[in-house]
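# Observations on the model geometry
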Amino acid sequence: MTAPRELEKDDFHDLVTGGGGPVAMYRDFFVGRPGLWNLVRYEAAQIASAMPGAPGYALRRMLLGGLLGSVGSKVNFGRNVSIRHPGKISIGDRTGIDDGCLLDARGVQRGEFTIGSDVMIARGASLAARTPEAAITIGDHTTIGKAVQIASTGGVRIGSWVAVSGMCYLGGGLYHTDDLDTPIMKQGLYSRGPVVIGDDCWLGAGVIVLDGVEVGAGCVISAGVVVRENVPPGTMVMARDRVVLVPRGVTGRGSHEPDAPSGAPTASDRAGEGPSAVSDRGAAPVDPVERCLYRALESVNRTRPAGARLSPAPETPLAGPGGLDSLGLVTLVVETELAIEEELGVAIDLSTGAMTADPTPLATVGTLAAYIRERLGSG
């Protein structure tokens, strides 16, 4: 993140109540260009924007595209697309803007709001640049999901081949809050720098990437994560929230699962290991680290087909042939951290060391257990 920068943001009240007549204010807020002819062209495009059927589709391609600073071939606009200061916006070839989207370039200069080629912006997405530092760039072959909010204050740069899932939020600035006698919105806005999403990233539904954060190329951010700090390239980021299922009217069972009726399958049965996967080995493991690992493995197995579940045994492979994919490994590591914290009362961070160590401790359950014991000082 860069050093904080003070920002100049339009005061909406001043924009709609300031000097000049209503036509001039409308033109300054929406059209962004002087002259009656530009206003007439803009109004014609707005009429076409709401028009249904094939005539509306054809008119939107002609009239909305004609307002833009530059536009490629075969660009399609859905109904009720709202474009503010269109002359500052550039769109590449074969890009689609779905119904109800907002493209707002009021804060930036011509050429500082750029959407590449083969981009899809889904229904209800909002892309707004409202300060002079708020340039927005979206690379080729990128998809912006339904109802995504890109609120650029310090800038937003999204690379190529990026999937931004629905309901994500990128950007936003920060208000000063020190003066208790002045409304926060009057104390000024600042930014820690642009939001940067590298090439070939996938942001799950509802991800929030805060002001000034850089996500490196090739990253996967799971649904609902709030990204507050930079993410190195090739990283998978998962929320640590844990869902606990408890039957209604039952409390204090001391277990993460409801009691099963006699003869009913246990968690180990669901892991594909018979009536008791652990007891088949002779006895429940007395080693507390193994116990935590087997608990984490049960959680991972619940998401896998019956024939692909892993045995709770030291020789069970985790990485490589017969083991878990990268997402499964991340899930196992997170579940193990949670189990150790809950059962042993120790907070441990395995997500960095275990995932990057060479040689990897993730070869088998046994090597991971030995690595954890060493980290805990109990090996």
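Just so it is clear, the structure is predicted and the values come from calculations on it, not from any experiment. (Residues numbered from 1 in each chain as written. Predicted model: local features only at pLDDT ≥ 70, side-chain atom pairs only at ≥ 80, totals over all residues. Heavy atoms only, no water.)

## Let's talk about the sheet that holds strand β13 (residues 149–152)
- An order of β4-β7-β10-β13-β16-β21-β24 is seen for the seven strands of this open sheet, with the pairing classed as parallel. Of all strands in the sheet, those bounded by a partner on one side alone are β4 (82–84) and β24 (226–227).
- Taken together, the three bridges between β4 and strand β7 (residues 102–104) define a ladder with parallel strand orientation. Residue pairing for β7: Ile-83 is matched across the bridge by Leu-103. (Pairing = 2+ DSSP bridges. Helix = DSSP H or I, 4+ residues; strand = E, 2+ residues; numbered from the N terminus.)

## Regarding the nonpolar core
- Counting residues in hydrophobic clusters, the biggest one holds 51 residues, and the most contacted among them are Phe-113, Leu-127, Leu-170, Ile-197, Val-209 and Val-215.
- Secondary-structure elements contributing two or more residues to this core are α3 (36–49), α4 (53–67), β5 (89–91), β8 (113–115), β10 (126–129), β11 (136–138), β14 (156–158) and β19 (195–197).
- Among the elements that line this core, the one with the most residues is α3, at three residues.
- When sequence neighbours within four positions are dropped, the list of residues in contact with Val-215 reads Val-196, Ile-197, Gly-198, Cys-201, Val-209, Ile-221, Val-227 and Val-231.
- Counting 24 residues, the second largest nonpolar core, distinct from the first, contains Leu-297, Leu-324, Ile-340 and Ala-369. (Core = buried A, V, L, I, M, F, W, Y, C linked by side-chain atoms within 4.5 Å. Buried < 20%, exposed > 50% of the residue type's maximum accessible area, 1.4 Å probe, protein only. Contact = heavy atoms within 4.5 Å.)

## Focus on the confidence of the model for the protein
- On average, residues of the protein score 83 in pLDDT, and 82% of them reach the 70 mark or higher.
- Note on residues 243–283: pLDDT under 50 across the span, and 46 contacts to partners over four residues away in sequence or across chains. (pLDDT = per-residue confidence, 0-100.)

## A word on the packing of aromatic side chains
- Counted according to the given criterion, the structure contains three aromatic pairs.
- Aromatic side chains Tyr-26 and Phe-30 sit 4.8 Å apart centroid to centroid with 35° between the ring planes, which places their arrangement in the tilted category. On the criterion of helical spacing, the pair formed by Tyr-26 and Phe-30 is a turn pair, its members being four residues apart in helix α2 (residues 22–31).
- Phe-30 sits in the partly exposed class, given a relative accessible area of 21%.
- With a centroid separation of 4.8 Å and 70° between ring planes, the pair formed by Phe-29 and Phe-30 is classed as edge-to-face.
- With relative accessibility at 8%, the residue Phe-29 sits in the buried group.
- Grouping aromatic residues by their ring pairs yields a cluster made of Tyr-26, Phe-29, Phe-30 and Tyr-42. (Phe/Tyr/Trp six-rings, centres within 6.5 Å; stacked < 30°, edge-to-face > 60°.)

## With respect to the sheet that holds strand β17 (residues 174–175)
- One open sheet holds the three strands; their spatial order is β1-β18-β17, and the pairing between them is antiparallel. Of all the strands in the sheet, just β1 (5–7) and β17 have a single pairing partner and so form its edges.

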